[in-house]
Each structure stands twice: as structure tokens, then as C-alpha cells.
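# Observations on the three-dimensional arrangement
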Amino acid sequence: MSHKYNVGLIRSKASYSIGEIAQLYSIDRRTCGRWLREGLKPIDIEKKPLLIMGKELKKFFKEKQQSQKSKLNEDEYFCFKCRKPRTAYEGSERIVETGKTVGKNKVNQQMKKAKCRVCKSKMNRLIKVCQKRL
Ligand SMILES: [Zn+2]
């Protein structure tokens, strides 16, 4: 999942089609399609085939790698809209049961839900099972 993409293969001033990007990194075209949904911006969304500027692609990879690296603090969530760790909007935090159990002792798995302090998108985070409860 945490595939590393060598940005050195991309020329900032060149434009790339989905097919070219797929070929460059020996990946599936569908992976590129997913990137578009994740925020990779084509030059013109109306034009087919879609072309993506090298500069944009580099930026996307960098952000992608950063978001994979960033570790969350206890009170942080990863906001998929901001693509950054964010704290909760005041009063929006709540704990819900996921309906699953984890570990040998079948502890109910819980999840924290909150709204992003910045964009107010929904965020959630699994709560690590506390050792004391086992
Ligand atoms: Zn956000």
C-alpha cells in the first residue's frame, strides 16, 4: 500500500496521460484513476485523454508520502479532505462501537468520530485497545 513513487522520473514541464503514468511506474491505470479521485488535478478535466502536468504529479506524490509518514497525536485524526492530521472541532467528538471485537479477549472495538476543526469534514479513528482492559 505504501508504495514509493520516484518523483525523479517525472519532468515538471511535461504533461502525462494516465497511460503514460501507468507505464512509467508499471502500475495499473485504475490506480491512476483513483489518484484523480484522491485529488490529482488534470490540466483540463473536460479533455480526453486526460493530461496531467509533471509538476502537479510531483506535488501529489509528495503530499501522498507526507500523509503516509505523519504520525497522529493522541488527539488528532487524519482528515481526508485537508489531507492532514487535524484535531477535532470543539464538541464534535464522540465514541462509537464498531460492532467488531478485537484480540483474544473479544474486547469491543471502538472508534472515535469527530469533525475536522478546519473544514468540518467527518473524520474517524480507531481506538487502540487499552491494555488495562485486557
Ligand atoms: Zn479537514
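Quick caveat, the model's predicted, so the values are computed rather than measured.

### Regarding the sheet that holds strand S7 (residues 122-126)
The antiparallel open sheet is built from three strands, whose spatial order is S5-S6-S7. Each of the sheet's edge strands pairs with one partner strand only, and the pair in question is strand S5 (94-102) and S7. Between one strand axis and the next, the sheet turns by 30 degrees as a mean value, whatever way the strands run. With six bridges joining them, S5 and strand S6 (residues 107-115) adopt antiparallel strand pairing.

### A few points about the domain arrangement of the chain
Examined at the domain level, the chain breaks down into domain 1 (10-69) and domain 2 (76-133). One C-alpha centre belongs to domain 1, the other to domain 2; they are set 30 Å apart.

### Regarding the pairing of S6
Between the end of S5 and the start of S6, which pair antiparallel, lie four residues, with Gly103 showing a positive phi angle near 80 degrees. As paired strands, S6 and S7 are joined by five bridges and run antiparallel to one another. Along S7, the bridge assignment pairs Met111 with Leu126. Taking the residues that link successive antiparallel strands as the turn, the S6-S7 hairpin has six residues, and the phi of Lys120 there is positive, at about 65 degrees.

### With respect to the environment of Arg125
With respect to the helices and strands, the residue Arg125 is situated in strand S7. Residue classification places Arg125 among the partly exposed residues on the basis of 15 C-beta atoms within 10 Å. Measuring from C-alpha to C-alpha, the distance between Arg125 and Glu46 comes to 36 Å, with 79 residues separating the pair along the chain. Not counting residues within four places of it along the chain, the set of residues in contact with Arg125 comprises Tyr77, Met111 and Lys112.

### Observations concerning the environment of Arg94
Here Arg94 lies in strand S5. Accessibility expressed as a C-beta count within 10 Å gives 11 for Arg94, which makes it exposed. Taking the C-alpha atoms as reference points, Arg94 and Glu74, 20 residues apart in sequence, are found 14 Å from one another.

### Thoughts on the nonpolar core
Ile10, Tyr16, Ile18, Ile21, Cys32, Trp35, Leu40, Leu50, Ile52 and Leu57 form the largest nonpolar core, which has ten residues in total. Residue assignment for this core shows that the elements contributing at least two residues are helix H1 (18-24) and helix H2 (29-38). Residues Tyr77, Ala88, Ala114 and Cys116 belong to the second largest nonpolar core, which totals six residues.

### Some details on unusual backbone geometry
A cis amide bond links Lys48 to the next residue, Pro49, at an omega of -5 degrees. Take Pro49: it is sitting in the loop between H2 and strand S2 (51-53). With a phi angle near 45 degrees, Ser26 is a residue other than glycine that sits in the positive phi range. With respect to the secondary-structure elements, Ser26 resides in the loop between H1 and H2.

The rules we used
Residues numbered from 1 in each chain as written. Predicted model: local features only at pLDDT ≥ 70, side-chain atom pairs only at ≥ 80, totals over all residues. Pairing = 2+ DSSP bridges. Helix = DSSP H or I, 4+ residues; strand = E, 2+ residues; numbered from the N terminus. Axes fitted to C-alpha atoms, helices over the stretch in contact; angles between N-to-C directions. Domains from an automatic or database assignment. Buried ≥ 20, exposed ≤ 12 C-beta atoms within 10 Å, placed from the backbone. Contact = placed C-beta atoms within 7 Å. Core = buried A, V, L, I, M, F, W, Y, C linked by C-beta atoms within 7 Å.

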